[in-house]
Amino acid sequence: MGLESVLENPGTRVFAVCNCTNRWKRARSTATNTSIITTSDSQNHTPWKPPRSALLVNKLRTEPIIKAIDDLLQHIQKLYPDVKIYAEDRPDIPDGVQVWRPGQNSEPVDLVITLGGDGTILHAASLFSHGAVPPVLSFSMGTLGFLLPFHIDDYAKGLKAVFDGKATILHRMRLSCSFYDQDGKKIGSDEDAWQVMNEISLHRGSSPHLNTIDIYVDGQHLTESVSDGIIVSTPTGSTAYSLSAGGPIVHPSLSAVLLVPICPRSLSFRPLVFPSSSSITLRIGDKSRAAAGVSMDGRTVHVLNPGEFVTVHASPYPVPCINRSSIVDIASSSTGDERDSSSLRSEGGEGVGPGKEDDWVRDINNLLQYNATFRSKALLRYSRAGSGS
């Protein structure tokens, strides 16, 4: 009876997104969308205000990271002296930065600044597992990733866009996950619900046996999966583990939940895409010969035994990521010269002008080499050789 009671009346959810200081609050009916931080809240009429505090999250402090942090902090202290800077409580905390600890009683933060790779952003989002995430301004340190719109050399432009209220934000949805035992009793409290940005995956781990997993969607039994495991992914995670398992590539502005099997025994078990209002339950079958390891954003956090299950649905707290399109061509905007893509191409440029480009389109071409044929790769190498680069 436990599972039936949990699956009863899955319902449709309406989300209200706000950060811990309510100064970035905006109401919306979907978990993802692109918006501009200068826009006032339509229901609460909360005007945009420049951030007064920022949390600095970085990977291990190598020499390039140390220099980048020093330059960044000096820039903020010079141009935005009233901004309070926090960092996690760790041995390599920079000088002059206050310690910040995650939790419901943590100090309010208006902006998160990350230096590193995609894993640094996933870690930053995990620090806000019990509520809304402040806007995330991410800088890459020479690494490549789908969540890294800015290079560290552009830190001044990125900060200016934020403090001038001209930053465009993409709300990347997260998944909320709750675990239950064989009797349908929740494991842990409501505060223990996991928030994941990429995916949750159930897998057989080191066991030689396949997992048997019953899949329910909005309380209705969909299928019994016999496979190496199951991935439930966000659109952001569609270019991560889900992609390697044969899942579709989904634009992160969409509100959707992806269900992707890992090496299924049946050839007819294909990936599915559900609306973000759907609730997906994965129950380890009673006849499963193996327990299922549970990984969330690459971290193994739990083991589900036969009869136990996890319920996954869209979190009301997406991750607001600041886009590279926030960097507008200052010279053209000041003169009112709004050039479209056709005029740029006629002048020898490519695509749309700064401030209008889609970061995701750029990324699937540059990082995934999307639909790059042997011929196009050869031509690219030839053009580089001809230009002397």
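Residues numbered from 1 in each chain as written. Predicted model: local features only at pLDDT ≥ 70, side-chain atom pairs only at ≥ 80, totals over all residues. Heavy atoms only, no water.

Caption draft 1: Structural detail: the nonpolar core. Among the nonpolar cores identified, the biggest contains 29 residues, and Ile76, Ile113, Leu115, Leu137, Leu159 and Ile322 are the most heavily contacted of them. Residue contributions to this core peak at 6 residues, all from helix 2 (residues 63-79). Of all hydrophobic cores here, the second largest spans 26 residues; its members include Cys177, Leu282, Ala292 and Val310. (Core = buried A, V, L, I, M, F, W, Y, C linked by side-chain atoms within 4.5 Å. Buried < 20%, exposed > 50% of the residue type's maximum accessible area, 1.4 Å probe, protein only. Helix = DSSP H or I, 4+ residues; strand = E, 2+ residues; numbered from the N terminus.)

Caption draft 2: Just unusual backbone geometry, in detail. One non-glycine residue, aspartate 218, lies in positive phi territory at about 55 degrees. Examined against the element boundaries, aspartate 218 turns out to sit in the loop between strand 14 (211-217) and strand 15 (220-233).

Caption draft 3: Summary view of empty space enclosed by the protein. Applying the stated criterion to the full structure yields 3 cavities of 30 Å³ or more. Here the second largest cavity defines a volume of roughly 60 Å³. What lines the second largest cavity is simply Leu56, Val57, Asn58, Arg61, Ala87, Glu88, Arg90, Asp92, Ile93 and Pro94. The element that contributes the greatest number of residues to the lining of the second largest cavity is strand 4 (residues 53-58), accounting for 3 residues. Partitioned by chemical class, the residues of the lining of the second largest cavity number 5 nonpolar, 1 polar and 4 charged. (1 Å grid on protein atoms, 1.4 Å probe; cavity = no way out; pocket = protein on both sides within 12 Å on 5 of 7 lines; lining within 4 Å. Points joined across faces, edges and corners; volume = space filled by probe spheres on them. Nonpolar A, V, L, I, M, F, W, Y, C, P; charged D, E, K, R; others polar.)

Caption draft 4: Structural context of the environment of serine 227. Considering the arrangement of structural elements, one finds serine 227 in strand 15. The sequence separation of serine 227 and asparagine 211 amounts to 16 residues, and the corresponding C-alpha distance is 5.6 Å. Contacts of serine 227, omitting those with residues within four sequence positions, involve Leu210, Asn211, Ile262, Cys263, Pro264 and Arg265. A distance of 3.0 Å separates polar atoms of two side chains, one belonging to serine 227 and the other to serine 225. (Contact = heavy atoms within 4.5 Å. Polar contact = N/O pair within 3.5 Å; in protein donor to acceptor, adjacent residues only side chain to side chain.)

Caption draft 5: A look at the environment of serine 207. Relative to the assigned elements, serine 207 resides in the loop between strand 13 (199-203) and strand 14. Within the local environment of serine 207, its side chain forms a polar contact with the backbone nitrogen of histidine 209, the two atoms lying 3.2 Å apart.

Caption draft 6: Region of the structure containing helix 4 (residues 155-163). When helix 4 is considered as a whole, its buried residues turn out to be Gly158, Leu159, Ala161, Val162 and Phe163. In this structure, the buried residues of helix 4 make contact with helix 2, strand 7 (111-116), strand 8 (136-140), strand 9 (150-151) and strand 22 (319-322). Positive backbone phi, at 75 degrees, marks glycine 165, one or two positions downstream of helix 4.

Caption draft 7: Highlighting the confidence of the model for the protein. Here the protein averages 81 in pLDDT, and 75% of its residues register 70 or above. Within the model, the stretch residues 11-32 combines pLDDT values under 50 with 78 contacts to residues more than four positions away or in other chains. Long-range and interchain partners of residues 38-46, a stretch whose pLDDT sits below 50, account for 15 contacts in this model, where long-range means more than four residues apart. (pLDDT = per-residue confidence, 0-100.)

Caption draft 8: Region of the structure containing the packing of aromatic side chains. Throughout the structure, instances matching the rule amount to 4 aromatic pairs. Judged by centre distance (3.9 Å) and plane angle (10 degrees), the rings of tyrosine 80 and phenylalanine 163 are stacked. Of this pair, tyrosine 80 sits in the loop between helix 2 and strand 5 (84-88) while phenylalanine 163 sits in helix 4, and the two are 83 residues apart along the sequence. Measuring from centroid to centroid gives 5.8 Å for phenylalanine 139 and phenylalanine 150, while their planes differ by 55 degrees, and the two rings are tilted. Here the residue phenylalanine 139 occupies a position in strand 8, and phenylalanine 150 occupies one in strand 9, the gap between them amounting to 11 residues. (Phe/Tyr/Trp six-rings, centres within 6.5 Å; stacked < 30°, edge-to-face > 60°.)

Caption draft 9: Structural context of the pattern of salt bridges. Throughout the structure, instances matching the rule amount to 8 salt bridges. Residue arginine 101 pairs with aspartate 89 through a salt bridge whose shortest N-O separation is 3.0 Å. On the criterion of sequence distance, the pair formed by arginine 101 in the loop between strand 6 (98-100) and strand 7 and aspartate 89 in the loop between strand 5 and strand 6 is long-range, its members being 12 residues apart. Overall, aspartate 89 belongs to the partly exposed group, its relative accessible area being 48%. The salt bridge partner of glutamate 224 is lysine 287, with a shortest N-O separation of 3.7 Å. Taken as a pair, glutamate 224 in strand 15 and lysine 287 in the loop between strand 18 (280-284) and strand 19 (292-296) lie far apart in primary sequence, 63 residues in all. Using a relative accessible area of 60% as the deciding quantity, one classes lysine 287 as exposed. Within this structure, Asp214, Arg283 and Asp286 form a network of salt bridges that share partners. (Salt bridge = Lys/Arg side-chain N within 4 Å of Asp/Glu carboxyl O.)

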